[in-house]
Amino acid sequence: MTEPHATAPEERPVGELSYEEAREELVAVVQALESGQTTLERSLSLWERGTALADRCEEWLAGAKARLDAVRATAPSDETASEASQQQ
């Protein structure tokens, strides 16, 4: 049984992938697993790679949230900005 190259786990380390790259590869892994056309060994390999990819996506999302939270914490609120403009 021949499997398409697109479903093969990449050789590139997961930690080097951008969010978009990790998400795209994760979609391909899920599709390959759902197809049921892989061997048990291949399925296990895909599952492991998929888990690592999902973790990488979570890391990116947590980092993005932290950055947004930091910006929100330092940005003046709408109420503070309104008060400042009224005082001038």
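Note that residues are indexed from 1 along each chain, following the sequence as it is written. Local features in this predicted model are restricted to residues of pLDDT 70 or higher, and side-chain atom pairs are both shown and tallied only at a pLDDT of 80 or more, whereas totals for entire chains, interfaces and linings draw on every residue. Note that water and hydrogens are dropped before the side-chain values are worked out from all heavy atoms of the structure.

Engineer: Got a minute to help me understand the overall build of the chain in this structure?
Structural biologist: Summing up its helical and strand segments, the chain has three helices and zero strands in all. Reading the helices (α) and strands (β) of the chain from amino to carboxyl end gives α-α-α. Between two residues, a contact is recorded if the distance between any of their heavy atoms is within 4.5 Å. The contacts in the chain between residues at least 6 apart in sequence include a share of 75% that link residues at least 24 apart. Using a 1.4 Å probe, the Shrake-Rupley method yields the accessible areas, and only the shown protein chains count as cover for residues. When the accessible area of the chain is evaluated, it comes to approximately 6800 Å², of which 55% is carbon and sulfur surface. Here a strand is any run of E in DSSP of at least two residues, a helix any run of H or I of at least four, and the numbering for each starts at the N terminus.

Engineer: How should I be thinking about the nonpolar core in this particular structure?
Structural biologist: Soluble globular proteins tend to pack their nonpolar side chains together in the buried interior. What makes a nonpolar core is a set of buried Ala, Val, Leu, Ile, Met, Phe, Trp, Tyr and Cys residues whose side-chain atoms join them at distances within 4.5 Å. For every residue, the accessible area (1.4 Å probe, protein chains only) is compared with the maximum for its type, and the residue is labelled buried under 20%, exposed over 50%, or partly exposed between those bounds. With eight residues, the main nonpolar core is built from Val14, Leu17, Ala22, Val29, Ala32, Leu46, Leu53 and Cys57. Elements with a minimum of two residues in this core: helix 1 (19-35) and helix 2 (40-74). With sequence-adjacent residues up to four places away left out, valine 14 is seen in contact with Arg49, Ala52, Leu53 and Arg56.

Engineer: How should the environment of glycine 50 be read in this particular structure?
Structural biologist: Its location among the elements puts glycine 50 in helix 2. Sequence separation between glycine 50 and leucine 33 is 17 residues, and the spatial gap between their C-alpha atoms is 9.7 Å. Residues in contact with glycine 50, not counting those within four places in the same chain, are Leu26 and Val29.

Engineer: How do you make sense of helix 1 when you look at a structure like this?
Structural biologist: Each full turn of the α-helix corresponds to 3.6 residues, which orients residues three or four apart in the same direction. Expected helix span is taken as 1.5 Å per residue step, with the number of steps being one fewer than the number of residues. Over its 17 residues, helix 1 runs 24 Å from end to end, which matches the ideal 24 Å to within 8%, given 1.5 Å per residue. Where helix 1 is buried, its residues meet helix 2. Positive backbone phi, approximately 70°, marks glycine 36, located one or two places after helix 1.

Engineer: Would you take a moment to explain the pattern of salt bridges for this structure?
Structural biologist: Pairing is possible between side chains of opposite charge, provided their charged atoms come close. We define a salt bridge as a side-chain nitrogen of Lys or Arg found within 4 Å of a carboxyl oxygen belonging to Asp or Glu. The tally for this structure, following the rule as stated, stands at five salt bridges. In this structure, lysine 65 engages aspartate 69 in a salt bridge whose closest nitrogen and oxygen atoms are separated by 2.8 Å. Placement of the pair is lysine 65 and aspartate 69 together in helix 2, with a separation of four residues, close to one helical turn. The class of lysine 65 is exposed, set by a relative accessible area of 52%. What you see here is one network of salt bridges that share partners, running through Arg12, Glu16 and Glu21.

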